Amino acid sequence: MSLTSVSPSLVRLAVGGWSLFIAENVLLSHNRTFVIELLDNQEEHYHYVYGTCSTVATLLIAYGYKSVRNQAPFFPSAGTPTRRALALGLQAAGLVGLSQMAPKLQVPVALAPPSPSPASPSSPSSPAPAPAPANPVWQVRCPFDFTPSKDDSVQGMARISRHSSLWSFASLSLGSAFAAASIPQALCLSGPLAVALIGGAHQDYRFRRGVGGNLPPDLDKQTSNVPFAAMLLGNQKEGVLGSFVGLADEIKWLNAGVAATVALGLAARRARLPPIARKAAFS
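In this convention, every chain numbers its residues from 1, walking through the sequence in written order. Totals for whole chains, interfaces and linings use all residues, but because this is a predicted model, local features are given only for residues with pLDDT of at least 70 and pairs of side-chain atoms are given and counted only at 80 or more. Hydrogens and water molecules were not included; the side-chain quantities draw on all heavy atoms of the structure.

A word on the overall build of the chain. Only DSSP runs of H or I reaching four residues or more are called helices, and only runs of E reaching two or more are called strands; each is numbered from the N terminus. Looking only at helices and strands, one finds 12 helices and four strands in the chain. For every residue, the accessible area obtained with a 1.4 Å probe (protein chains only) is divided by the maximum for its type, and the residue is called buried under 20%, exposed over 50%, and partly exposed between those limits. By residue count, 32% of the 283 residues in the chain fall in the buried class. Within the chain, residue pairs in contact and separated by at least 24 positions form 76% of the contacts whose partners lie at least 6 positions apart. Accessible areas in this description were obtained via Shrake-Rupley with a 1.4 Å probe; residue shielding takes into account the shown protein chains only. With the model as given, the accessible surface of the chain reaches about 16700 Å², and the carbon-plus-sulfur share is 67%. It only takes one pair of heavy atoms within 4.5 Å for two residues to be counted as in contact.

With that out of the way, let us pick up helix α3 (residues 43-68). Over its 26 residues, α3 extends 38 Å from the first C-alpha to the last, a length consistent with the 38 Å expected when each residue adds 1.5 Å. Every buried residue of α3 is listed here: Tyr46, Ser54, Ala57, Ile61, Gly64, Tyr65 and Val68. Taken from the residues just after α3, Asn70 is the one with a positive phi, measuring 65 degrees. A helix is expected to reach a length of 1.5 Å times the quantity of its residues less one.

This part covers the packing of helix α4 (residues 81-99) against helix α12 (residues 253-272). All axes here are fitted lines through C-alpha atoms, helices being fitted over the stretch that makes contact, and every angle between N-to-C directions spans 0 to 180 degrees. The N-to-C vectors of α4 and α12 enclose an angle of 150 degrees; their axes lie 8 Å apart at closest approach. Accordingly, the angle class assigned to the pair α4 and α12 is roughly antiparallel. Handedness of the crossing formed by α4 with α12: right-handed. Between α4 and α12, the contacting residues are Arg84, Ala87, Leu88, Gln91, Ala92, Leu95, Val96 and Ser99 on the first element and Asn255, Ala256, Ala259, Ala260, Val262, Ala263, Leu264, Leu266, Ala267, Arg270 and Ala271 on the second. Should an angle fall under 35 degrees it is taken as roughly parallel, and over 145 as roughly antiparallel, whereas 65 to 115 is taken as roughly perpendicular and any remaining angle as oblique. Should the near helix be turned anticlockwise from the far one by less than a right angle, the crossing is termed left-handed; should it be turned clockwise, right-handed.

Put into structure tokens, the structure is as follows:
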């Protein structure tokens, strides 16, 4: 079973909205200056046009997905261990990436060192008494750590990709595509991968030229659009091994654990479904 067995109308419904979304984003952003000039140099009007086109494309994506969801033909290998493992891994990676955008989670109750007690006065002729050992005390704190980053260096998800949110969403959606039994549905769910690859590359192209944003040469060298490319090429200051060690120190692990648990829950839900109902499961 392959894409050639899918009717052209289903293919258009599956990819049409995503194609329009990519096209209007690339065309409008690439010709940003020209479009603003056409709109009497009103940048606010440009954002109205951009937002309207993106909204229309998004609605078409939703309509296309609703139309192709659970439509034949189906994958002969749907529900196999390999596809389940890929679905779990990709969904977990996407959810972990998205979880890093939230404030850092922390255990709301923790042991903290006590405040030092004031020293008792002593006479000049006698030595100062040694402070009594103090025991740690329990401290209640906010479950979210809003402490800002210490510096502006490349760290966290920025090490992996300049567009980590796009790639995280693409990974989550691609995992859902591997979980889907319907070929047209899986095709539609693969759309965010094209958005991350093409949209991210085009934004970098514009920002390097100072159109709509900025991408300094040093940041451009140390980061990449394709995930992990800059790390594996040793472009970050710490080198290949050091960049991965730094990433391990900078990841919000409790956030990641919650996200991975959600991915496991989705996988468990799919596994509990009867074979016929699995055709409707994609998340």
